[in-house]
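# An overview of the molecular structure
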Amino acid sequence: MANVGGRQGLVLPVKIVTELLEEDQEILHVKQPNGHVEPWVLLCNTKIQKHCMLGQGWYQFCKEQQLQAGDVLEFCHFSGQHFVMVVVKPANP
């Protein structure tokens, strides 16, 4: 679980790590809701296999999108392209 205040990274599901990321990948290109594609730092723990999280880009994204607990993010991978799109769905008011 991620801290939406941006103090902790966003842990990626194991399925994304094993199926969509390259072994030594350090950057993940993420398409923002505004259409811009940005490089986000990918932090992987070599001691815990398949444990990766989004770092610096995630922190900025939380701040810019004013994420709050209960907001939902949807990750989509488009074949032939090297980015994951993040769509923000606000929590129920």
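Because the structure is predicted, anything quoted here is derived from the model rather than measured.

Now for the overall build of the protein chain. When helices and strands are counted, the protein chain shows two helices and six strands. The helix and strand sequence of the protein chain, counted from the amino end, reads β-α-β-β-β-α-β-β. Scored against the burial criterion, the 93 residues of the protein chain give a buried share of 28%. Accessible area for the protein chain stands at about 6,500 Å²; split by element, carbon and sulfur atoms hold 51% of it.

Next up on the list: the side chain of Q25. When you line up the elements, Q25 lands in the loop between α1 (14-20) and β2 (27-31). Of the polar contacts made by the side chain of Q25, one reaches the backbone oxygen of I27; its length is 2.9 Å. Sequence-distant contacts of Q25, defined by excluding residues within four places in its chain, comprise L20, L42 and C44.

Glancing now at the pairing of β2. Burial along β2 is one-sided: L28 and V30 are buried, while I27, H29 and K31, pointing the other way, are not. Here β2 pairs with strand β3 (residues 37-45) via five bridges, running antiparallel. Across the sheet, residue V30 finds its bridge partner in β3, namely E38. In this structure, the hairpin formed by β2 and β3 is closed by a connection of five residues, where G35 is found at a positive phi of approximately 95°.

A few words now on the state of the cysteines. By definition, a disulfide is the covalent link that joins the sulfur atoms of two cysteine residues. Enumeration over the complete set of coordinates arrives at one disulfide. Covalent S-S linkage joins C44 and C52, the inter-sulfur distance amounting to 2.2 Å. The disulfide joining C44 to C52 has a torsion of about 105° about its S-S bond and is therefore right-handed. Under the relative-accessibility criterion, C52 is labelled buried at 5%.

Moving on, we come to unusual backbone geometry. In this model, Q66 sits at a positive phi of 50°, which is unusual for a non-glycine residue. By relative accessible area, Q66 is classed as exposed at 62%.

Right, let's get into helix α2 (residues 56-65). Listing the buried residues of α2 in full gives G57, W58, F61 and C62. All buried residues of α2 project into a common sector of 140° when viewed along the axis, lining one side. Set apart from the buried face of α2 by more than 90 degrees, the exposed residues are Q56 and K63. Directly beyond the C-terminal end of α2, a positive phi value near 50° is found at Q66.

About the criteria used
- Residues numbered from 1 in each chain as written.
- Predicted model: local features only at pLDDT ≥ 70, side-chain atom pairs only at ≥ 80, totals over all residues.
- Heavy atoms only, no water.
- Helix = DSSP H or I, 4+ residues; strand = E, 2+ residues; numbered from the N terminus.
- Buried < 20%, exposed > 50% of the residue type's maximum accessible area, 1.4 Å probe, protein only.
- Areas by Shrake-Rupley, 256 points an atom, 1.4 Å probe, with all protein chains shown as cover.
- Polar contact = N/O pair within 3.5 Å; in protein donor to acceptor, adjacent residues only side chain to side chain.
- Contact = heavy atoms within 4.5 Å.
- Pairing = 2+ DSSP bridges.
- Disulfide = S-S within 2.5 Å.
- Arc of directions from axis to C-beta.

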